[in-house]
Amino acid sequence: MKFAEIGYIKDDESLWISGFAQKLPKPLKTKYLTAFVPLKTEEVTMLDEDGLKITLPITKNEDNSALRVRVIKKACAMIMEKDIKVIINPDNIAFPLGFMEANGALANAIFADQLLKMAADIKDIDLSTAEVVLIDGYNFNTIAVLEAIKAEVNHLCIYTCRKKILSDVINSIYEETGLVIECFSSPKNKCMVEGDVIINCSSDMDNYDYAFKKESVFIEASGYLAKVARMIQKRTDMFFVTNFTATVKDEETNARAIEALLFTKNSDVHDAMKGVCSPMEAKKILGYIHKPQIVLKQIKR
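Residues numbered from 1 in each chain as written. Predicted model: local features only at pLDDT ≥ 70, side-chain atom pairs only at ≥ 80, totals over all residues. Heavy atoms only, no water.

Enquirer: Quick question: what am I supposed to make of the environment of Lys123 here?
Expert: Note on placement: Lys123 falls in helix α5 (residues 112-123). In this structure the C-alpha to C-alpha distance between Lys123 and Ser216, which are 93 residues apart in sequence, comes to 8.5 Å. Sequence-distant contacts of Lys123, that is, excluding residues within four places in its chain, are made with Glu215, Val217 and Phe239. (Helix = DSSP H or I, 4+ residues; strand = E, 2+ residues; numbered from the N terminus. Contact = heavy atoms within 4.5 Å.)

Enquirer: Is there a simple way to explain the pairing of strand β6 (residues 131-135) in this structure?
Expert: The side chains of a regular strand alternate, residue by residue, between the two faces of the sheet. Counted residue by residue, β6 has four buried out of five residues, so it is predominantly covered. As paired strands, β6 and strand β7 (residues 155-159) are joined by five bridges and run parallel to one another. The residue of β7 that forms the bridge with Val132 is Leu156. Each parallel crossover has a hand, and for β6 linked through helix α6 (residues 140-149) to β7 it is right-handed. (Buried < 20%, exposed > 50% of the residue type's maximum accessible area, 1.4 Å probe, protein only. Pairing = 2+ DSSP bridges. Right-handed = clockwise from strand over helix to strand, strands pointing away.)

Enquirer: Sorry, what's going on with the sheet that holds strand β1 (residues 3-8) here?
Expert: Strand pairing in a sheet relies on backbone hydrogen bonds, with the paired strands running either antiparallel or parallel. Taken in spatial order, the five strands of this open sheet run β2-β3-β1-β4-β5, and their pairing is mixed. Edge strands, defined here as strands with exactly one partner in the open sheet, are β2 (40-46) and β5 (100-102). Across the sheet, the mean angle from the axis of one strand to that of its neighbour is 30 degrees, orientation sign disregarded. Here seven bridges tie β2 to strand β3 (residues 49-56), and the two strands are oriented antiparallel to one another. Residue Val44 lies in a different strand from β3, and its bridge partner there is Gly51. Contacts from helix α10 (residues 255-265) reach β2, β3, β4 (86-88) and β5, with the element oriented near 140 degrees to β5. (Axes fitted to C-alpha atoms, helices over the stretch in contact; angles between N-to-C directions.)

Enquirer: Help me out: how do you make sense of the side chain of Lys283 in this one?
Expert: Inspection of the secondary structure assignment puts Lys283 in helix α12 (residues 279-288). Within the structure, the side chain of Lys283 is placed 2.8 Å from the side chain of Glu176, a separation counted as a polar contact. Setting aside residues no more than four positions away along its own chain, Lys283 makes contact with Ile143, Glu147, Lys150, Val169, Ser172, Ile173 and Glu176. (Polar contact = N/O pair within 3.5 Å; in protein donor to acceptor, adjacent residues only side chain to side chain.)

Enquirer: What is the right way to look at unusual backbone geometry in this model?
Expert: Most peptide bonds are trans, and most residues other than glycine sit at a negative phi. Positive phi, normally seen in glycine, also occurs at Asn92, with a value near 55 degrees. With respect to the helices, strands and loops of the structure, Asn92 is situated in the loop between β4 and β5. We note that Tyr138 has phi near 55 degrees; this positive angle belongs to a residue other than glycine. Note that Tyr138 resides in the loop between β6 and α6.

Enquirer: Explain the packing of aromatic side chains here, please?
Expert: Any two aromatic rings considered together are summarised by their centre-to-centre distance and by the angle between their planes. Here the structure, examined in full by the defined rule, presents six aromatic pairs. Ring centres of Tyr32 and Phe36 lie 4.9 Å apart, and the angle between their planes is 45 degrees; on these two criteria the pair is classed as tilted. Here Phe36 and Tyr32 lie together in helix α2 (residues 26-36), a separation of four residues that amounts to about one turn. Among the residues examined, Tyr32 registers a relative accessible area of 25% and is labelled partly exposed. (Phe/Tyr/Trp six-rings, centres within 6.5 Å; stacked < 30°, edge-to-face > 60°.)

Following this line, the structure appears as structure tokens:
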């Protein structure tokens, strides 16, 4: 198995335990579930890769912490036993550190050019004159965004404190495309204030919510949704992109699934995301990875 999709049982789904156990009073049913932890497993195929769908026998609102911990531990043990490499976790279940989760951020970064063009069409932004701001996440995703959009924009600034470290990649992009990239390190810089499109790769929670231009586009590529959730509440004027749907080989899918596919087919990307990878090393990896051909259908909050 290459991947596992993990999720809670939905409120309108039937629990798959015996009729006798179903009729037990809630305290006894909870003890039964804690003792036996009946996970539901199904073999699935996603874009020609074999995987496992694991449904937990609790809803996302389960208030018994001992049962919740027991269920998650058993799911983790199953994932390790089957040597599953990547988890798709749409319910954002709190798994221990060490598991590689496909949260869609890398897919958003690698396909940032398509997200950028679709968002620009929706908001009537002319990319030939638009000011684009990339917020550095000091990670692989930053380089992935640069590689994706380098031929699509004419004005690009990076909010970063590692200008020297990025210089080789910036110079390489200039030689390839003629794009001049400006770096700045203060959130009060005019680049931040005047950006028509902001692409975020940073997971920090710094509050720059009101620094962004009115009616601007914000593309989330960090995978850390707490910040963008806060901004969505505050900045109702802005247009946010956190996910997308697309088709691959006539199969409809989403950013998380495409990211899982990227991880399973590209061990170098998997390793680079886990460890330290220089900007130029990331650029080289991005140059030869197996990237699915997608047809973007819709961008989503």
